[in-house]
Amino acid sequence: MKIARFIIDGENDERYGCIEDNTIKLIDGDIFGEFSISGKCVNIDDVKLVAPCRPTKIVAVGLNYADHANEMGDEIPEFPALFLKPDTAVIGPLDNIIYPPMSNRVDYEAELAIVIKKTAENISKEEALDYVLGYTCLNDVTARDLQKKDPQWMRAKSFNTFAPIGPVIETELDPNNLDIKLYLNSELKQNSNTSNFIFKPDYLISEISKIMTLKPGDIITTGTPSGIGEMKDGDTVEIEIEGIGILKNTVKRY
Ligand code: MG
């Protein structure tokens, strides 16, 4: 099922629905609890899609594809390099990524994001996938010049608009064998498959849940493959993950 969050033209409230072709069937209830698909439908052209969930935090994995570790000149870590992106960085499909004046080098990073379904604390690898609602695309936007200057990555990773997510949450996917691609102005820049993960989603969820409680709607983003690069003012960036769809955003520098 493809779950979307959206605003119907002329309304103010955000709603959830499930997308089938060009139709969205409205969802009654809580997608993180009990819900049902109502008989009401809207056309996808009559809504604005917004970020498909509201995480309280995004836990990100620094290096999780061996090819990206090589291009950065980093050793493959024994334990995943983790950092946080704040909820204030989240934007949705077609929203603008705002280029911060503090930086002169802002990069894209195509990533598969795990959306947590229920509170997860100290859970085992075997039960980890029971805590997943589904998967979406995430662009781990990074001020690369600041990442190189600072001893920690917080500034580089945390600017407002630096976590585009969407377009939907796909609930039925094997996260360990998905093509992942990134296009910059329609040119293919990243092209890999999640079978190249160093650390797989079940392991990540389990280990992170031993550090901090994961809440419904929280995101674990699984790292980026090789081919990272720079975005400039006016660039359009699209992340396509097999079975999920395309997350498209444009860069804006004021
Ligand atoms: Mg990343």
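Here the structure is shown first, and the text comes after it.
We now turn to the structure provided with this report. (Residues numbered from 1 in each chain as written. Predicted model: local features only at pLDDT ≥ 70, side-chain atom pairs only at ≥ 80, totals over all residues. Heavy atoms only, no water.)

What about the overall build of the protein chain?
Helix and strand counts for the protein chain come out as four helices and 20 strands. Here the protein chain has a C-alpha radius of gyration of 17 Å; the compact-globule value for 254 residues is 18 Å, and the two agree. Judged by the C-alpha coordinates and their principal axes, the protein chain covers about 55 × 45 × 30 Å. With 254 residues in all, the protein chain has 52% of them scored as buried. (Helix = DSSP H or I, 4+ residues; strand = E, 2+ residues; numbered from the N terminus. Rg over C-alpha atoms; globule rule 2.2 N^0.38 Å. Buried < 20%, exposed > 50% of the residue type's maximum accessible area, 1.4 Å probe, protein only.)

Some points on helix α4 (residues 201-209)
Within an α-helix, residues lying three or four positions from one another point in the same direction, as the helix has 3.6 residues per turn. Among the nine residues in α4, eight count as buried, and that is most of the element. Summarising the contacts, the buried residues of α4 are in contact with β6 (58-61), β7 (82-85), β11 (110-116), β12 (132-139) and β17 (219-221). (Contact = heavy atoms within 4.5 Å.)

Quick word on the sheet that holds strand β15 (residues 179-184)
Pairing within the open sheet is mixed, and its five strands lie in the order β9-β20-β19-β15-β16. Looking at strand neighbours, the two that pair on one side only are β9 (96-98) and β16 (187-193), the edges of this open sheet. The sheet shows a mean angle of 20° between the axes of neighbouring strands, taken without regard to direction. Where β15 meets strand β19 (residues 236-241), five bridges bridge the pair, whose relative direction is antiparallel. Residue pairing for β19: Leu184 is matched across the bridge by Val237. (Pairing = 2+ DSSP bridges. Axes fitted to C-alpha atoms, helices over the stretch in contact; angles between N-to-C directions.)

A short note on the packing of aromatic side chains
Evaluated as defined, the whole model comprises four aromatic pairs. Its guanidinium or amino end placed over the ring of Tyr131, Lys118 lies 4.8 Å from that ring's centre, counting from NZ or CZ. (Phe/Tyr/Trp six-rings, centres within 6.5 Å; stacked < 30°, edge-to-face > 60°. Lys NZ or Arg CZ within 6 Å of the ring centre and 35° of its normal.)

Some words on the coordination of the magnesium ion
Listed as protein donors to the magnesium ion are Glu109 (OE), Glu111 (OE) and Asp140 (OD); their distances from the metal cover 2.0 to 2.1 Å. In primary sequence terms, the donor set of the magnesium ion follows E-x1-E-x28-D. Residue Glu109 is found in the loop between β10 (106-108) and β11, and its partner Asp140 is found in the loop between β12 and β13 (142-143); the two are separated by 31 residues along the sequence. Accessibility classification places Glu109 together with Asp140 in one group, the buried group. (Donors = N, O, S within 2.8 Å, 3.2 Å for Na, K, Ca; no water.)

Notes on the environment of Thr171
Topologically, Thr171 is positioned in the loop between β14 (163-170) and β15. Once the C-alpha coordinates of Thr171 and Val132 are considered, the two residues, 39 residues apart in sequence, prove to be 8.3 Å apart. With residues near it in sequence (within four places) discarded, Thr171 still touches Met1, Ile3, Leu133 and Gly134. Of the polar contacts made by the side chain of Thr171, one reaches the side chain of Glu172; its length is 3.3 Å. (Polar contact = N/O pair within 3.5 Å; in protein donor to acceptor, adjacent residues only side chain to side chain.)

Observations regarding the pairing of β19
Within a regular beta strand, the side chains point alternately toward one face of the sheet and then the other, so they alternate between its two faces. With five of its six residues buried, β19 lies for the most part within the structure. Alignment of β19 against strand β20 (residues 245-252), held across six bridges, turns out to be antiparallel. Counted as the bridge partner of Ile241 is Gly245 from β20. Following β19, the chain reverses through three residues before pairing antiparallel with β20; Gly243 in that reversal takes a positive phi of roughly 85°.

What about the pairing of β16?
For β15 and β16, the ladder comprises six bridges, and the chain directions are antiparallel. When the bridges of β16 are listed, Asp179 appears paired with Asn193. Hairpin connection of β15 to β16: two residues between the antiparallel strands, including Asn185 at a positive phi of 50°.

Notes on a nonpolar patch on the surface
There is a patch of nonpolar side chains on the surface, built from Phe79, Leu82 and Ile211 and spanning about 250 Å² of accessible area. When you line up the elements, Ile211 lands in the loop between α4 and β17. (Patch = residues over 30% accessible without salt bridge, like charges linked within 9 Å, V, L, I, M, F, W, Y side chains within 5 Å. Areas by Shrake-Rupley, 256 points an atom, 1.4 Å probe, with all protein chains shown as cover. Salt bridge = Lys/Arg side-chain N within 4 Å of Asp/Glu carboxyl O.)

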